[in-house]
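Read off the chains here:
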Amino acid sequence: MSPIPDRSRATGTNEKEGRAVSALDVVVEKNLRVAMRDGVELATDVYRPAAGGPFPTLVERIPYNKELYGMISGWLDVLRATQEGFAVVVQDTRGRYQSGGTFRPFADEKADGGDTVAWAARQEWSTGSVGMFGSSYTGATQWLAAAERPPALAAMSAAITSSDYYENWLYQGGAFRLGFALQWVASSLALGELLRSASAEAERLADLQRMLDDMGAVFRRLPERDHPVLTAIAPYLSQWMDHPERDDYWARLSARGDAVTDIPVLNIGGWHDLFLGGTIDNYLALRARTAEPDARRQRLVIGPWAHGAASGVFPERAFGIQAGFDGADMTGVQLAWFKEHLAGSPSATSSSPVRIFVMGPDVWRDEPDWPLPDAEYVDYFLGSTGGARTSSGDGTLSTATGSEAVSDSFVYDPADPVMTCGGATFLPGLFIGANAGPRDQTRTEARPDVLCYTSQPLDRSMEVTGPVRARLYVSSSAVDTDFTATLVDVHPDGRPELVCDGIVRCRYRTSTTRPEFLDPGAVYEIEVDLVATAYVFAAGHRLRLDVSSSNFPKFDRNPNAAVPVADARPSDLVVATNTVWHDSTRPSRVVLPVVRRSA
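What you are looking at is a predicted structure, and each value in this text was computed from that prediction instead of being measured. (Residues numbered from 1 in each chain as written. Predicted model: local features only at pLDDT ≥ 70, side-chain atom pairs only at ≥ 80, totals over all residues. Heavy atoms only, no water.)

(A) Spatial organisation of the overall build of the protein. Tallying secondary structure elements over the protein gives 13 helices and 28 strands in all. For a compact globule of 599 residues, the expected C-alpha radius of gyration is about 25 Å, and the protein comes in at 25 Å, within 12% of that figure. By principal-axis analysis of the C-alpha atoms, the protein measures approximately 80 × 60 × 40 Å. With 599 residues in all, the protein has 60% of them scored as buried. Of all intrachain contacts in the protein linking residues separated by at least 6 positions in sequence, the fraction that spans at least 24 positions is 75%. With an accessible surface of roughly 21,700 Å², the protein has 50% of that area assigned to carbon and sulfur atoms. Charged side chains of the protein number 57 positive and 76 negative; the gap between the two group centres comes to 3 Å. (Helix = DSSP H or I, 4+ residues; strand = E, 2+ residues; numbered from the N terminus. Rg over C-alpha atoms; globule rule 2.2 N^0.38 Å. Buried < 20%, exposed > 50% of the residue type's maximum accessible area, 1.4 Å probe, protein only. Contact = heavy atoms within 4.5 Å. Areas by Shrake-Rupley, 256 points an atom, 1.4 Å probe, with all protein chains shown as cover. Lys, Arg positive; Asp, Glu negative; His and termini not counted. Charge placed at Lys NZ, Arg CZ, Asp CG, Glu CD.)

What follows is the structure, given as structure tokens:
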């Protein structure tokens, strides 16, 4: 598709000579040309009520083709928004589909977002009060625009997103989110780049199609940066791999910081979403600026959702009709937020700053803040007689310290990694949650490179709501390795269901800005961030913590060698013996936020 023809920069003239199409009392203006400060013009659609005005205005900036996402966009029903009195602007970001320029993920969104908000505020159909909405990357375009501090920006609704694009976007615990990066670039970004070309290259399209048909082979390729089809179309993929530490490259792209904005923000996340950590961090950063929680300024809503799967239904677990995005009426929640902050209408939503879906009883619940003020952080200590390998082993999990043995060891072979099974993923099948969320861990726990520590059956139900951390004492025969931790609910029939998980790359155990390799055999204390959950373990169920050294392809494989991970070849892979220590002087444990409330 060739770039759209030149039109007026001053007013955003319609591609079809300004003709407006009216239907269902909504005026739709397609492909207005909106000029950025450097002269590049971005294709922009406007949806607004046919009568009345001016209107408070909502803006979404999207790289995934506004023609496909225009009416149900960013988890918000655009037609419903117009029928409730809003004008809605949906724009292809720079270099995507019908917009001009070159797409550079994150790099141009600050300036372009600020310019687009200012343009929307100047239009005769706008009151000059602008809100931004959207999910995932279109949430990132909000945070980056907010960093420009455009005066007209009055509120945001940012769903399943982050304001930082190193930690909890492309890296987590120092490990590269290989599956997400390759799947995102191949399926959502590279394809659009090819289709946008005036002369789409049939050979490249065929190569890309072959990749998408066999992403398992793509994930396994070594070196992991060896994807010439992708990097030729999307050179930023190589740049992400070139910067495994949080350096100036990432700092320039980030909108992180408690001073990024002082406007009201509705933060929406999912318990099994890969950006959950970023969503919570966004709320906490802005919440820290006030003495008390204020639902009118900052709000956090978290449902039982994965990235691309917001129905609350997974192949092995369904959370009920009210769990889905539609069942929870998240469009209504967002519109009420914008009515209050853009139009001054009293809010019909809850006065509580935090609303969470508690898995187990499968109910929505309002809370005064996050983390929950009444959560009690309880240590569950790892123990064994030295045989914690597999779910058939003798690993224990208890509030009492001490065990008969001091450690458990396993062999981690990067050529045979533990395969991803559920959790916060973005892998093929994501739109039905097929590879995400609360999956059965039976096959994973049968591997000899997975340590399983299991509690006694609970005599009463136990709620775990809040941040989850595993503090482990570990050693390795290698100079670098990874440690993973997974919190599991073991049902009375023995079925182990994933609750939440995390990873730490040992070279980044103390800092993601500077690697520090291990002294083989030395014992180190590390912290694995399992992010967070809101989950009730029912009476008769057991808690379990699984520990291993890989979760592939969610994360790239650590070669266990002092080489750049993205450049590691098969000959660089080192088999490592990894050990978890759990005696009284090295009390490895998982720290659970336990909520005890009377019925």
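(B) Fine view of the pattern of salt bridges. Taken as a whole and assessed by the stated rule, the structure comprises 47 salt bridges. Its salt-bridge partner being Arg317, residue Asp362 comes within 3.9 Å of it at the nearest N-O pair. One end of the pair, Asp362, is in the loop between strand E16 (354–358) and strand E17 (363–367); the other, Arg317, is in strand E15 (residues 317–318), and 45 residues separate them in sequence. Overall, Arg317 belongs to the buried group, its relative accessible area being 16%. (Salt bridge = Lys/Arg side-chain N within 4 Å of Asp/Glu carboxyl O.)

(C) Quick look at the nonpolar core. Judged by nonpolar contacts, the single largest core of 165 residues is most densely connected at Trp169, Trp184, Trp240, Trp271, Trp370 and Leu592. Beyond its immediate sequence surroundings of up to four residues, Trp271 is in contact with Leu276, Ile302, Gly303, Pro304, Trp305, Ile356, Phe357, Met359, Trp370, Ala532, Thr533 and Ala534. (Core = buried A, V, L, I, M, F, W, Y, C linked by side-chain atoms within 4.5 Å.)

(D) Main features of the packing of helix H3 (residues 109–122) against helix H4 (residues 137–147). Interaxial distance between H3 and H4 falls to 7 Å at its minimum, and their mutual angle equals 80°. In terms of orientation, H3 lies roughly perpendicular with respect to H4. Contacts between H3 and H4 involve Glu109, Lys110, Gly113 and Gly114 on the former and, on the latter, Tyr137, Thr141, Leu144, Ala145 and Ala147. Of the residues contributing to the contact of H3 with H4, the split by class is four nonpolar, three polar and two charged. (Axes fitted to C-alpha atoms, helices over the stretch in contact; angles between N-to-C directions. Parallel < 35°, antiparallel > 145°, perpendicular 65-115°, else oblique. Nonpolar A, V, L, I, M, F, W, Y, C, P; charged D, E, K, R; others polar.)

(E) Quick peek at H4. In terms of burial, H4 is largely enclosed, as 10 of its 11 residues are buried. When H4 is considered as a whole, its buried residues turn out to be Tyr137, Thr138, Gly139, Ala140, Thr141, Gln142, Trp143, Leu144, Ala145 and Ala146.

(F) Highlighting the domain arrangement of the protein. Split by domain assignment, the protein resolves into domain 1 (27–167 + 257–367), domain 2 (175–243) and domain 3 (375–595). On a C-alpha basis, the centroid separation for the pair domain 1 and domain 3 is 34 Å. Taken together, the contacts link 26 residues of domain 1 with 27 residues of domain 3. At the boundary of domain 1 with domain 3, total buried surface from both sides reaches about 1,900 Å², with 61% on carbon and sulfur atoms. (Domains from an automatic or database assignment. Buried area = accessible area lost by both parts, 1.4 Å probe.)

(G) Here's a closer look at unusual backbone geometry. Of the consecutive residues Leu222 and Pro223, the connecting peptide bond is found in the cis state with omega at -5°. Examined against the element boundaries, Pro223 turns out to sit in the loop between helix H7 (215–220) and helix H8 (228–233). The omega angle of the peptide bond from Trp370 to Pro371 is -10°, so this bond is cis rather than trans. Of note, Pro371 is situated in the loop between E17 and strand E18 (376–383). The backbone of Phe106 sits at a positive phi, close to 75°, despite the residue not being glycine. Residue position: Phe106 is located in the loop between strand E7 (87–92) and H3. Note on Phe106: relative accessible area 1%, which makes it buried. The phi dihedral of Arg149 is positive, around 55°, even though this residue is not glycine. Mapped onto the secondary structure, Arg149 falls in the loop between H4 and strand E9 (153–159).

(H) Structural detail: the side chain of His272. One can find His272 in strand E12 (residues 265–272). Discounting residues that sit within four places of it in the chain, His272 has contacts with Trp305, Ala306, His307, Met359, Gly423, Ala424, Thr425, Gly437, Pro438, Leu498 and Val499.

(I) Main features of the pairing of E12. With eight of eight residues buried, E12 lies mostly within the body of the structure. Where E9 lies against E12, four bridges are found, and the strand directions are parallel. Paired with Ser157 across the two strands is Leu266, which belongs to E12. As defined by bridge partners, E12 adjoins strand E13 (residues 298–306) across seven bridges and the pair is classed as parallel. Across the sheet, Ile268 pairs through a bridge with Val301, a residue of E13. (Pairing = 2+ DSSP bridges.)

(J) Just the packing of aromatic side chains, in detail. Within this structure, the stated rule accounts for 30 aromatic pairs. Summarising the aromatic geometry, the rings of Phe106 and Tyr165 are spaced 4.2 Å apart at their centres and angled 15° between planes, so their arrangement reads as stacked. Here the residue Phe106 occupies a position in the loop between E7 and H3, and Tyr165 occupies one in the loop between E9 and strand E10 (171–172), the gap between them amounting to 59 residues. Aromatic pair Tyr171 and Phe176: ring centres 5.0 Å apart, planes at 50°, arrangement tilted. (Phe/Tyr/Trp six-rings, centres within 6.5 Å; stacked < 30°, edge-to-face > 60°.)

(K) Region of interest: the environment of Asp567. You can see Asp567 is positioned in the loop between strand E26 (542–548) and strand E27 (576–581). Given a relative accessible area of 33%, Asp567 falls into the partly exposed group. Residues within four places of Asp567 in sequence aside, it is in contact with Pro223, Arg225 and Asp572.

(L) Representation of the state of the cysteines. Considering all chains together, one arrives at zero disulfides under this definition. The cysteine Cys506 is free of any disulfide, with Cys452 supplying the nearest cysteine sulfur at 19 Å. (Disulfide = S-S within 2.5 Å.)

(M) Structural context of the environment of Val575. Along the chain, Val575 falls in the loop between E26 and E27. Look at Val575 and you get partly exposed, because its relative accessible area is 48%. Residues Val575 and Tyr412, spaced 163 residues apart in sequence, show a C-alpha to C-alpha distance of 5.9 Å.

(N) Main features of H3. Helix length check: H3 (14 residues) gives 20 Å between terminal C-alpha atoms against 20 Å at 1.5 Å per residue, within 8%. The buried count for H3 comes to 10 of 14 residues, which makes it a mostly enclosed element. Taken together, the buried positions of H3 are occupied by Glu109, Asp112, Gly113, Gly114, Asp115, Thr116, Val117, Trp119, Ala120 and Ala121. (Expected span 1.5 Å × (residues − 1).)

(O) Focus on the pairing of E26. In terms of burial, E26 is a largely internal element, six of the seven residues being buried. Summarising the sheet, strand E21 (residues 451–454) and E26 pair through four bridges and their orientation is antiparallel. Considered in E26, the bridge of Tyr453 is made with Leu545. Relative to E26, strand E23 (residues 482–490) runs antiparallel, the two being bridged by seven bridges. In the strand pairing of E26, Thr486 is matched with Asp546.

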